[in-house]
Structures are given as structure tokens and as C-alpha cells.
Amino acid sequence: MSANNVPSRLKKILDAGHLAVTSECGPPRGSDPKAIKKKAEMIKDHVDAINITDNQTSVTRLCSLAACIHLKLMGVEPTLQMVVRDRNRIALQSDILGAASFDINNILCLSGDHQQFGDCPQGQNVFDLDSMQLIQTVRLMRDEGKFLGGDAINRPPQMFVGAAANPFADPFEIRVPRLAKKIAAGVEFIQTQCIYNLDKFELWMKQARDRGLHEKAYILAGVTPFKSAGMAKYMKNRVPGMDVPDDVVKRMSGVPKEKQADEGINICVESIQRLKEVEGVKGFHIMAIEWEDKVPEIVERSGLYPRPNDL
Amino acid sequence: MIVADKKPIEEIIDMVKDFKKLLIVGCNECVTVCEAGGKKEVGILASALRMYFMNEGKKVDIDEITLERQCDHEYLEELRNNIDQYDAVLSLACGVGVQFMAEKYFGTPVFPGVNTCFMGVTEERGVWSERCQGCGQCMLGKTAGICPISRCAKRLLNGPCGGSTKGKCEINKDLDCAWQLIIDRLKELGRLDDYEEIIPIKDWSTERAGGPRKVVREDVRL
Ligand code: SF4
Ligand code: SF4
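Residues numbered from 1 in each chain as written. Chains lettered and ligands numbered in written order. Predicted model: local features only at pLDDT ≥ 70, side-chain atom pairs only at ≥ 80, totals over all residues. Heavy atoms only, no water.

### Side note on the sheet that holds strand β8 (residues 281-286) of chain A
All names here are of chain A. Read once around its circumference, the closed barrel built from eight strands follows the order β1-β2-β3-β4-β5-β6-β7-β8, with strand pairing classed as parallel. Neighbour-to-neighbour, the strand axes of the sheet open up by a mean angle of 30°, direction not taken into account. With respect to the sheet, helix α3 (residues 64-74) is in contact with β2 (49-52) and β3 (78-83), its orientation differing from that of β3 by roughly 175°. (Pairing = 2+ DSSP bridges. Helix = DSSP H or I, 4+ residues; strand = E, 2+ residues; numbered from the N terminus. Axes fitted to C-alpha atoms, helices over the stretch in contact; angles between N-to-C directions. Contact = heavy atoms within 4.5 Å.)

What follows is the structure in C-alpha cells.
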């Protein structure tokens, strides 16, 4: 699928044909790195790479790049998430070089939530590039060793380039063309939005396969366990672009409160089992929001443990 | 047109409360259409201020005038002979008019009477919405005639983002997602395939980012 020799462990695992497992951690709202290290410690043996979110939901946090460096120094492979909301093309390219100087080899290019959702709704946004153009930028820097301005880069970044895809956002008819567009821009792996509507995901995947897209980028299926029925309802009703079918909410509400967390994990594991059978799914991105300690259990029960370590 | 909104009366009072002779100047163009700074609004504001000063027991003279435009020398010049009678001017033109007034009548305090909002359309009486941010390099030809810069909350040139839900933008259920509109119209035009063309990184130097802009047209200069 990819001819380059980017020294990303995630890429090697995918190239070798293994189902990859990634997860993500949100950096703390303060400067103590202990929290991020603790989260990473919990999951590092069960995943191949850990995404570090970039001021997710526009709430100000310790920066993604610094948190990635902490992981790197622990010997854990980070994926630098980068949103185009807060930085112009100078800052984006500069941060990419900064990450590359620590040999951070995975990047996830995102638009970012609008700032109105966060703690600075009165702030400016930047959106100098969009996520599609950020993908192009990283590829230009890596493959041609050039800045956007055309000058040569000394020691170009070596990054495996990813992006998100939301099979559930509207309008549905362009969800696959949009994936095709990201691939044309140069994306090499995709982490999807949390999948609860498996039928709809399978339809999306089928349309992607019809165009051969599953052979042009590695698609990692995104899953998030529900902690409670309340969370399921919240995700269904309040999170833009999220598709939680009624029967999933019903299933969560149908068990007593103290059993709901277990049921959430069960649903997650069952989803992974079913998604493993979908042609074109090359791995899983497990987003256990502030519930990282459950990732090992999910990975083990889904038959994804041990992780390949001979690469 | 340029769309403006009324300023709260308290804010206006705060700006002008210490003057004795005030001129309120309306504008007959955009702000008349959007009912924020035309002759009618000048009259209403003048009455409200007179009432306020009367209640406060202050004697303040307030005159009213509405010019054809405040963004052209020719109309602003109409004030030349009388301007010195006034301690201050309250302009209900957009920010452009207010500034041109201030430039022209250098020694007279000029205050803004409206909040200038955007370039937009009248959707229906009493509802105006944004359509253009004057990026200086119009790309509507590539986006089915719908502007992603002014109408997408993230000004995405290759949208939509993952937050587009049921045709609405992630920031507001009442706001159309610009990219849904673009896709709907591409479909209508039989050009949905165009969607897959990646719009390249934009040169923002013709936009605000490039500093204050100027158009000089040698062909029409006198
Ligand atoms: S592309 Fe630029 S000039 Fe054209 S409508 Fe949008 S902001 Fe205005
Ligand atoms: S939902 Fe649509 S209009 Fe809103 S930010 Fe996303 S693409 Fe832009």
C-alpha cells in the first residue's frame, strides 16, 4: 500500500498485514505530565500507537506536541493530532518540524471543533489551511522535502499521514467521495468516528471498497465504550456528527446502573468482533474517553492481544 | 449590502452624554435597507435621546440629517458649512461612513451609532445574513455559487467537517451547513463530480491577512 520507508511502528504493523490497535489520550489541563504518563503506562502494552488529542473540543490543555514528546521519551509511539483551528501555515509547518526533531512518526490531520464548544468561545480561529490541505502539506514536506513556500527542508519530517473520517456525518452521499478526496490529498491511514451504527458503517465500507479505497489507505475503525446509559444518550443527542441507534441506547438503559459500565464494554467488544469481519477494516482505534484503564480489557477480550512486537 | 445592527441606547448615551449640541447623521444606503441607520432610525434615536436628556434635566440640542451616502466625498461635503455648530456627530452609517466622516471633519468628535456586522442579504424583512467576507479573490465559481469563506463556520475550502448534521452546522442547529448547500447545488447542476476536486491552499494575502487593502483603477481615474 505504501512504498515509503517512514519509520513508524504503526505503519510497519499495518504493512505486515496485522490488525493495528491505536488508542488516544487527552493531555491534562495543567502542566503536570504525570497524568499523561500514567494513562500511557496503562495502555502501552496493548496498543501500537497512542494519539494525543490537540485541545479537543476546543478546551485549552497541555499541547499535543509536548505530550507526544513525553510518550516518545517513555518509548511509546505517539500520533500527533493536529487541528488547523489554532495555527496558521507557519505554525503548523514549524510544529511538524518540531515533532520530527523528536522522531514523532505519525500525524493525524484534523479540522478541529469550532472554538465555541470550548473554554475560549470569544477567541479567534485561524483555519488558514483545512484538514485536506494539511494532509497535502505534510506529504509535500515529507516526500519532496519542501516547505509550502518552496524552500528545501534540511532533514524532512518522516511521518505516516493520517486523518479522520466520519461515515455518519451528513450528507451521507459524499462521505465516500470525501474519503476519496482525502486519499487523493495523500492520506495513508484513517481513524473513523466512533461506530455504533454498524449497518451504516458497513454500507460506507462497501461503497469505499467499490471504489477500491480500502486498498489505498488503511482504515482503522473507531470505537468508544459507553460508561453509562446517560453517556449513550448524550452522545446520541448532543455530539454533532454522532450516530447512536436507539437499540444501543435501549440496551444500555436496560441494565441496572451498576452494570451499565460492563454492558458498555460488552457492546464495544462485540462491535470489534463484528467489524473484524468487514473487508477493508485494518485495525481499531479505541477511544476510551477518560477511561483508559479499560483499554487493555477491551483489547484482550477482542482477541487483539498480544500486540506484534517483532517489527 | 453592508448589514448593521442597532447599538443599545445605553451605549449611545454613554458616548454622547456630555455634549451640548449633537448632530445625528443617517445614511440612505445599506443601513436604510437593513433598518438600522436610515432616516426613520435617526428620528427614533433623536426622540429617545431628547427624552433621556429631558428626564436628566439637561439641555441638549439634537439635530437630524440623513445623507445619500457617507462613503463618498460629495455627500459628506453637504455638512461642511454647518458642522462647526456641533460638539459631536453621531453617525448611523456603517463603520466605513463613520470613519470617512471622522477623516473629513478632523476636529469634530464622531461616534458610531450602529454596530456594523457583515456583507449580506435580506432573507426576509427583519432577517439579514452574511454572504461575503471580501476575500479579494472570489472563488464562487468553484463552489456552486455558495461562499465557504463567509458561510462555513470554519471557512473550510474542502468541507464539510465531521460536524455537519442534517444539513445544519455543528455550531448552531439554525445555521445551514455551507457545505451541505454547496453539495445540494452541485447535485442540482449535475456537477457533483466537481466535489472531488481538491481546492488548493488559498492565498489569503488579498484578504484581511494582507493588511489594509486598496483598489486603484487607472482606467477610471480622473
Ligand atoms: S469567495 Fe471571497 S469574494 Fe467571493 S463571496 Fe466568498 S468571501 Fe466574498
Ligand atoms: S458543519 Fe458545515 S458549515 Fe459548519 S463548520 Fe462544518 S462544514 Fe462548515
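### Concerning the site of ligand 2
In the vicinity of ligand 2, the residues found are B:C152, B:A153, B:K154, B:P160, B:C161, B:S164, B:C169, B:E170, B:C177, B:A178 and B:W179. Each residue belonging to the shell around ligand 2 can be placed in one class, and the counts come to eight nonpolar, one polar and two charged. (Near = heavy atom within 4 Å. Nonpolar A, V, L, I, M, F, W, Y, C, P; charged D, E, K, R; others polar.)

### Let's talk about the nonpolar core
Ranked by internal contacts, the top residues of the largest apolar core, which has 85 residues, are A:I50, A:I107, A:F201, A:W204, A:L275 and A:I286. The residues contacting A:I286, other than those within four sequence positions of it, are A:V21, A:T22, A:S23, A:E24, A:V223, A:I272, A:V295, A:I298 and A:V299. B:A36, B:V60, B:L90 and B:L92 belong to the second-largest nonpolar core, a separate cluster that totals 26 residues. (Core = buried A, V, L, I, M, F, W, Y, C linked by side-chain atoms within 4.5 Å. Buried < 20%, exposed > 50% of the residue type's maximum accessible area, 1.4 Å probe, protein only.)

### Considerations on the domain arrangement of chain B
Partitioning chain B into domains gives domain 1 (2-118) and domain 2 (138-210). With centres defined by C-alpha atoms, the gap from domain 1 of chain B to domain 2 of chain B works out at 37 Å. (Domains from an automatic or database assignment.)

### So, the pairing of β3(A)
Residues and elements named next belong to chain A. Most of β3 sits out of view: six of its six residues are buried. Burial of β3 is two-sided: the residues P78, L80 and M82 facing one way and the residues T79, Q81 and V83 facing the other way are all buried. Relative to β3, β2 runs parallel, the two sharing three bridges. Across the sheet, the residue bridging to N51 is T79, located in β3. Assessed by its sense of winding, the connection that carries the chain from β2 through α3 to β3 is right-handed. (Right-handed = clockwise from strand over helix to strand, strands pointing away.)

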